[in-house]
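Residue-level structural notes
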Amino acid sequence: MTTRLAGALAAIALLALTSALLSTRPTRLAPVSAASITSDWTGGSPTEHGLDPAALHSLADAIRDGREFPDIHSLLVVRHGILVFEEYFHGHRADELHSLQSVSKSITSALIGIALDRGDLRGVGEKVLDFFPGREDITNLDDRKRALRIEDLLTMRSGTDYHERGSRSPHDQLNSLSRGWDRFYLDRPMVRAPGTHFQYDSGGVILLSSLIEARTGRHADRYAAEHLFAPLGIERWDWYRNREGHPHTGGGLDLSSRDMARFGQLYLQKGSWEGRQVVSREWVATSTRRHVVFDPPRGDEVGYGYLWWILRPDPSGDRRHDIYAAMGFRAQYIFVVPEHDMVVVVTGGTQSWSDQQKPVQFLYSHVLPAVR
């Protein structure tokens, strides 16, 4: 392990004490490129698309000032399919690839949906161990582990002891490995029956890439290149992989802010992009509803779907349409607001748990009230 990587992992481990959204990065390898497909956003003004520009510019000024909303790198607002607001802060640029952290999970969810649509996976009820028939020596094997399903990984209800708290958590241990991530996860002890208890778990999401590879011969990054990124016109990305070529699907993807917005818009459009059904409407609907209900709510978070966070509706709206979000460590967000036909993207580099939550705060305090 290089000195730079060791230092980075140590710093991330310390920050993990305050964050349930941690997805750290192992070895950095070369970026992958997709086929060249161009599909540029059409620009427009907030006023033309029913948004108060003064409210958005006031928010941008507060972000630029940095006292109320520190360490925010970009803010993009898409309304009615048009990019109407785009600002970058503190030296960040539109053309840079930005760490998505756990936003990567929601993209992994889309890949599972695509694999189901294509018949590469049979259903979310498939047993995880069925993908590893040669692994006769899996440890801590019991009836609970035999019952573990794809859906349990998608809803963070694996029942394993995997967690992300502390510098020697299972997640920290996995990130220190240069190979064998699937074996590490499969060997974890079971502490509950799968499907019964929500516990934030990046390891199960990382394992999902192995399930795709077992059926298709390609890991999730290569699968995404053909079936997700190319249709969306996403030409540049960087996905961290271990020495076996296993991508860190729990948090290792880098995209530009605009391409994050493309992905959010894909879901807002119920999986359709330029006349092509990239992800089925059924998968979009199923993965963005409350499979897990937080009672009481965790602040603005009211539930969890298939690797999507479910947020409370706009309090000034009809209150019938949940907002759903891809959320990542250090303030990476894709908010999808179906009621207002809107996508909001935020990237950042926050250092504290409270600052990491600020984009959710300003979604409700500034962006939603800007809707006319």
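Residues numbered from 1 in each chain as written. Predicted model: local features only at pLDDT ≥ 70, side-chain atom pairs only at ≥ 80, totals over all residues. Heavy atoms only, no water.

Considering the overall build of the protein
This is how the line gets drawn: Secondary structure counts use DSSP, requiring at least four H or I residues in a row for a helix and at least two E residues in a row for a strand, with both numbered from the N terminus. Here's how the labels work: a residue is buried when its accessible area is under 20% of the maximum for its type, exposed when over 50%, partly exposed in between, all with a 1.4 Å probe on protein chains only. We call two residues contacting when some pair of their heavy atoms lies within 4.5 Å. The Shrake-Rupley method, run with a 1.4 Å probe, gives the accessible areas here. Residue values count only the displayed protein chains as cover.
Assigned secondary structure in the protein consists of 13 helices and 14 strands. For the protein, buried positions account for 60% of its 372 residues. Pairs at least 24 residues apart make up 69% of the contacts formed inside the protein by residues separated by at least 6 positions. Surface accessibility of the protein: about 14400 Å² in total, with carbon and sulfur atoms responsible for 47%.

Brief notes about the pairing of strand β3 (residues 82-88)
Filter applied, for reference: When DSSP finds two or more bridges between two strands, those strands count as paired.
Counting buried positions along β3 yields 5 of 7 residues, so the element is predominantly enclosed. Sheet topology places strand β2 (residues 72-79) next to β3; 6 bridges connect them, and they run antiparallel. Pairing of Leu 76 across the sheet is with Glu 86, part of β3. Linkage of β2 to β3, two consecutive antiparallel strands, is achieved through a turn of 2 residues, within which His 80 is found at a positive phi near 55°.

So, helix α2 (residues 53-65)
Selection criterion: Here the expected length of a helix is defined as 1.5 Å per residue gap, with one fewer gap than residues. This arc is built from the directions going out from the helix axis to the C-beta atoms.
In a regular helix each residue adds 1.5 Å, so 13 residues correspond to 18 Å; α2 covers 18 Å between its end C-alpha atoms and thus fits that length. Every buried residue belonging to α2 is among Ala 55, Leu 56, Leu 59, Ala 60, Ala 62 and Ile 63, and all of these are buried. Buried residues of α2 fall within an arc of 160° about the axis and therefore sit on the same side. At its buried positions, α2 is contacted by β2, β3 and α13 (358-367).

Describing helix α9 (residues 220-232)
Note the threshold: In this scheme, the bend at a residue equals the angle between the axes fitted to the seven residues that finish there and the seven that begin there.
At Glu 226, α9 shows its maximal bend, which comes to roughly 40°. α9 sits mainly inside the fold: 11 of its 13 residues count as buried. Taken together, the buried positions of α9 are Ala 220, Asp 221, Tyr 223, Ala 224, Ala 225, His 227, Leu 228, Phe 229, Ala 230, Pro 231 and Leu 232. Gly 233 occupies a position one or two residues after α9 and carries a positive phi of about 75°.

Quick word on the pattern of salt bridges
Quick note on the threshold: In the sections that follow, a salt bridge refers to a side-chain nitrogen of Lys or Arg positioned within 4 Å of a carboxyl oxygen of Asp or Glu.
Tallied over the entire structure, the rule returns 24 salt bridges. Between Asp 142 and Arg 144 there is a salt bridge, and its shortest N-O distance comes to 3.0 Å. The network of salt bridges with common partners includes Asp 61, Arg 64 and Glu 87.

Focus: unusual backbone geometry
Across the junction of Asp 295 and Pro 296, the peptide omega takes the value 5°, indicating a cis bond. The backbone phi angle of Asp 71 is positive, close to 60°, even though this residue is not glycine. On the secondary structure map, Asp 71 appears in the loop between α2 and β2. Judged by relative accessible area, which is 32%, Asp 71 ranks as partly exposed. Positive phi values are uncommon outside glycine, yet Arg 319 reaches one of about 60°. Its location among the elements puts Arg 319 in the loop between β11 (309-311) and β12 (323-328).

Quick look at the side chain of Lys 105
Counted only if it meets this: His is not counted, nor are the chain ends; Lys and Arg add positive charge and Asp and Glu add negative charge. We define a polar contact as two N or O atoms separated by no more than 3.5 Å, with the added condition that, inside protein, one atom must be a possible hydrogen donor and the other a possible acceptor, whereas residues neighbouring each other in sequence contribute only through side-chain atom pairs.
Summarising the element assignment, Lys 105 is placed in helix α3 (residues 103-117). No salt bridge forms around the buried Lys 105; measuring N to O, its nearest opposite-charge neighbour Glu 164 is 5.1 Å away. One polar contact links Lys 105 to Ser 202, side chain to side chain, over a distance of 2.8 Å.

Focus on the pairing of β2
Taking burial as the measure, the 8 residues of β2 include 8 buried ones, the bulk of the element. Pairing between β2 and strand β14 (residues 342-348): 7 bridges, direction antiparallel. Bridging from a neighbouring strand, Leu 76 pairs with Val 345 of β14.

A closer look at the sheet that holds β11
Just so we agree on the cut-off: Note on definitions: angles span 0 to 180 degrees between N-to-C directions of axes, and those axes are lines fitted to C-alpha atoms, for helices only across the stretch in contact.
Within the open sheet, the 8 strands sit side by side as β3-β2-β14-β13-β12-β11-β10-β9. Their pairing is antiparallel. Strand pairing shows two members of the sheet lacking a second neighbour, β3 and β9 (292-298), which therefore form its edges. Across the sheet, the mean angle separating the axes of adjacent strands is 20° when strand polarity is ignored. On top of the sheet, α3 reaches β12 and β13 (332-337); it is set at about 120° to β12, its chief contact.

A short note on the side chain of Ser 209
Tracing the sequence through the fold places Ser 209 in helix α8 (residues 202-216). Note on Ser 209: relative accessible area 0%, which makes it buried.

Some details on the packing of α2 against α13
One can describe the packing of α2 onto α13 by two numbers: an axis separation of 10 Å at closest approach and a directional angle of 145°. Of the residues in α13, those touching α2 at Ala 55, Leu 56, Leu 59 and Ile 63 are Phe 362, His 366 and Val 367.

Some thoughts on the packing of aromatic side chains
Put simply, the test is: Stacked, tilted and edge-to-face pairs are distinguished by plane angle, under 30 degrees for stacked and over 60 for edge-to-face with tilted covering the rest, among Phe, Tyr and Trp rings (Trp via its six-membered ring) whose centres lie within 6.5 Å.
Using the criterion set out here, one finds 16 aromatic pairs in the structure. Seen from their ring centres, Phe 229 and Trp 237 are 4.5 Å apart, and the 50° between their planes marks the pair as tilted. This pair shows no difference in class: Phe 229 is buried, exactly as Trp 237 is. Each ring, one from Phe 263 and one from Tyr 267, has its centre 5.2 Å from the other, and the planes form 50°; the classification is tilted.

Details of the confidence of the model for the protein
Threshold: pLDDT expresses how confident the predictor is about each individual residue, on a scale running from 0 to 100.
Chain-level statistics for the protein give a pLDDT mean of 90 and a share of 89% at 70 or above. Note that pLDDT drops below 50 for residues 1-38; the model gives that stretch 94 contacts with residues more than four away or on any other chain.

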